[in-house]
Amino acid sequence: MLKQVTIFRKRPELSADAFEAHWRTRHAEVVCELPGLRRYVQNHMVAPGGERDGIAEVWFDDIAAMRANAGHPALEAIRADERNFIDVDTMEAIIAEPATVIDGVAVGAKLIVLVKRNPSVEPERFHRAWRDEVGGAMAALADEPHAPTRYEQDHTRAGGYRNGREPAFDGTASLWFPDQDAAGAFFTSPGFATVATAERDLMNPAGIQALWVDPVTIR
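Residues numbered from 1 in each chain as written. Predicted model: local features only at pLDDT ≥ 70, side-chain atom pairs only at ≥ 80, totals over all residues. Heavy atoms only, no water.

Q: Which parts of the structure should I look at to understand the sheet that holds strand β8 (residues 209-217)?
A: The pairing of strands in a sheet happens through backbone hydrogen bonds and is either parallel or antiparallel. Spatial strand order, β1-β3-β2-β8-β5-β7-β6-β4: eight strands in a closed barrel with antiparallel pairing. Within this sheet the neighbouring strands show an average axis-to-axis angle of 30°, counted without direction. One ladder, built from six bridges, connects strand β2 (residues 39-45) with strand β3 (residues 54-60); its direction is antiparallel. Residue pairing across strands places H44 opposite G54, the latter belonging to β3. Packed on one face of the sheet, helix α1 (residues 16-31) meets β1 (2-10), β2, β3, β4 (86-102) and β8 and runs near 175° to β2. (Pairing = 2+ DSSP bridges. Helix = DSSP H or I, 4+ residues; strand = E, 2+ residues; numbered from the N terminus. Axes fitted to C-alpha atoms, helices over the stretch in contact; angles between N-to-C directions. Contact = heavy atoms within 4.5 Å.)

So this is what it looks like as structure tokens:
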């Protein structure tokens, strides 16, 4: 299974309510016409007005299923409708390979972290260490108080780096907590310090953004 993650801002002349209404209704209908679509989640910002207004997640079986939509009328309809409510110049996307680290329930408060690697770390090394070292450290905390009930990593595919390209971000992490207070307690706990140590040389702190979102499962 592959996931495309797309991040964007709304058209500046639209109110937050108008943006969200169009995204939840008309655009959701258009996206659901896309052949091969397995899952579709819209992530609306809990606190609108920041640097991002939305994060869309769509799942397909594989890269062939994604590529099969090139030139399809449904994809053209999606692109046309995006211009009705999105500032398309702000759109950034990755195609990612999902990895579940803590396989619990996806309920409560959802945090999406946009992950950017330290530029001195090669992509292959980064993804291996993020999955094995950081993921392993997080998995070891699954039974700790205030730990996330679920934790997923989405790793930008190797193709995103082909021919020296630099993707918008190297992946996303999705974490679910009972509430934001639990998340605050977890991130300041001694246990999480082991995760922070594992991340220290891998991540580019200036490129990381953590966003509280209200997920809406469309399919």
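Q: Looking at this structure, how should I read helix α3 (residues 73-85)?
A: Note on helix geometry: an α-helix contains 3.6 residues per turn, so any two residues three or four positions apart are oriented the same way. Looking only at α3, the buried set comprises A74, L75, I78, D81, E82 and F85. The buried residues of α3 occupy an angular sector of 125° when projected down its axis, which confines them to one face. Facing away from the buried side of α3 by more than 90 degrees, the exposed set consists of P73 and R83. For α3, the elements touching its buried residues are β1, α1 and β4. (Buried < 20%, exposed > 50% of the residue type's maximum accessible area, 1.4 Å probe, protein only. Arc of directions from axis to C-beta.)

Q: Help me out: how do you make sense of the pairing of strand β5 (residues 109-115) in this one?
A: As a general feature of sheets, a regular strand has side chains that alternate between the two faces. For β5, the tally of buried residues reaches seven of seven residues, placing the bulk of the element in the interior. Burial of β5 is two-sided: the residues A109, L111, V113 and V115 facing one way and the residues K110, I112 and L114 facing the other way are all buried. Pairing between β5 and strand β7 (residues 171-177): seven bridges, direction antiparallel. Paired with I112 across the strands is S174, a residue of β7. As judged from the five bridges shared by β5 and β8, these two strands associate in the antiparallel manner. Bridged to I112 within β8 is L211.

Q: Would you mind going over unusual backbone geometry with me for this structure?
A: The phi torsion of most residues other than glycine is negative, and most of the peptide bonds are trans. Phi at H146 takes a positive value of approximately 70°, unusual for a residue other than glycine. Here H146 is to be found in the loop between α4 (123-139) and β6 (150-156). Given a relative accessible area of 43%, H146 falls into the partly exposed group. Phi is positive for N163, close to 60°, though the residue is something other than glycine. The topology assignment puts N163 in the loop between β6 and β7. When its relative accessible area of 77% is taken as the criterion, N163 is described as exposed.

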